[in-house]
Amino acid sequence: MIEAHKVAVANHDLPVEGRLVMFDNVLVAILAHLEADYYEQKGQWNLEAGFGPLSGEERVFPSLEQALDWVRLALEGK
């Protein structure tokens, strides 16, 4: 089961909206919302950190829902 807990993530000079992503009560990812005007992908969600099978991944998602779907598929397929 995927859960996404709201957190603030330190990102450059300001905190941004983020999510701690848990899969079966294990932390698997940290997502951050790209809010600042200087981001090319403003409004999208960045995978700040992936753990376990998601380690080393670099991805940006158009929405939080798409990010969580990717996590679910990546982990359920393993």
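Up top is the structure these notes are about.
Quantities reported herein were computed from a predicted structural model and do not represent experimental measurements. (Residues numbered from 1 in each chain as written. Predicted model: local features only at pLDDT ≥ 70, side-chain atom pairs only at ≥ 80, totals over all residues. Heavy atoms only, no water.)

S.K.: So what exactly am I meant to see when it comes to helix α1 (residues 64-76) here?
M.R.: Each turn of an α-helix holds 3.6 residues, which means side chains three or four residues apart point in the same direction. The end-to-end C-alpha distance of α1, which contains 13 residues, comes to 18 Å, matching closely the 18 Å that a straight helix rising 1.5 Å per residue would cover. For α1, the set of buried residues is Leu-64, Ala-67, Leu-68, Trp-70, Val-71, Ala-74 and Leu-75. For α1, the buried positions fall inside an angular range of 155° around the axis, keeping them on one side. Looking at α1, the residues exposed on the side facing more than 90 degrees away from the buried face are Glu-65, Leu-73 and Glu-76. If you follow the buried residues of α1, they end up packed against β1 (2-11), β2 (14-23), β3 (26-33), β4 (45-50) and β5 (60-61). (Helix = DSSP H or I, 4+ residues; strand = E, 2+ residues; numbered from the N terminus. Expected span 1.5 Å × (residues − 1). Buried < 20%, exposed > 50% of the residue type's maximum accessible area, 1.4 Å probe, protein only. Arc of directions from axis to C-beta. Contact = heavy atoms within 4.5 Å.)

S.K.: Is there a simple way to think about the sheet that holds β1 in this case?
M.R.: Backbone-to-backbone hydrogen bonds join strands into a sheet, with any given pair of strands oriented parallel or antiparallel. On the basis of which strands lie adjacent, the open sheet formed by five strands has the order β1-β2-β3-β4-β5 and antiparallel pairing. On the outer flanks of this sheet lie β1 and β5, each paired with one strand and no other. As judged from the two bridges shared by β4 and β5, these two strands associate in the antiparallel manner. If you follow Trp-45 over to β5, its bridge partner there is Phe-61. (Pairing = 2+ DSSP bridges.)

S.K.: Would you mind showing me how to read the packing of aromatic side chains here?
M.R.: Here a ring pair, both rings aromatic, is described through the centre-centre distance and the interplanar angle of the planes. Under the criterion given, the structure shown has one aromatic pair. The interplanar angle of 45° and the centroid separation of 5.5 Å between the aromatic rings of Phe-61 and Trp-70 together place this pair among those described as tilted. (Phe/Tyr/Trp six-rings, centres within 6.5 Å; stacked < 30°, edge-to-face > 60°.)

S.K.: What is the right way to look at the pattern of salt bridges in this model?
M.R.: Note that side chains of opposite charge can pair when their charged atoms are close. This model, assessed by the stated rule, comprises three salt bridges. A salt bridge links Arg-59 to Glu-57; the shortest N-O distance between them is 3.1 Å. (Salt bridge = Lys/Arg side-chain N within 4 Å of Asp/Glu carboxyl O.)

S.K.: Which parts of the structure should I look at to understand the pairing of β1?
M.R.: Consecutive residues of a regular strand have side chains that alternate between opposite faces of the sheet. Examined bridge by bridge, β1 and β2 share ten bridges and lie antiparallel to one another. Counted as the bridge partner of Val-7 is Gly-18 from β2. Hairpin connection between β1 and β2: a loop of two residues separates the two successive antiparallel strands, and His-12 in this loop has a positive phi of roughly 60°.

S.K.: Explanation requested: unusual backbone geometry in the structure shown.
M.R.: Of all residues except glycine, most have a negative phi; of all peptide bonds, most are trans. Of note, the phi angle at Asp-24 is positive, near 50°, even though the residue is not glycine. Summarising the element assignment, Asp-24 is placed in the loop between β2 and β3. Backbone geometry at Asn-25 places phi at a positive 65°, although glycine is not the residue there. Mapping Asn-25 onto the fold places it in the loop between β2 and β3. On the basis of relative accessible area, Asn-25 is assigned to the exposed category, the value being 63%.

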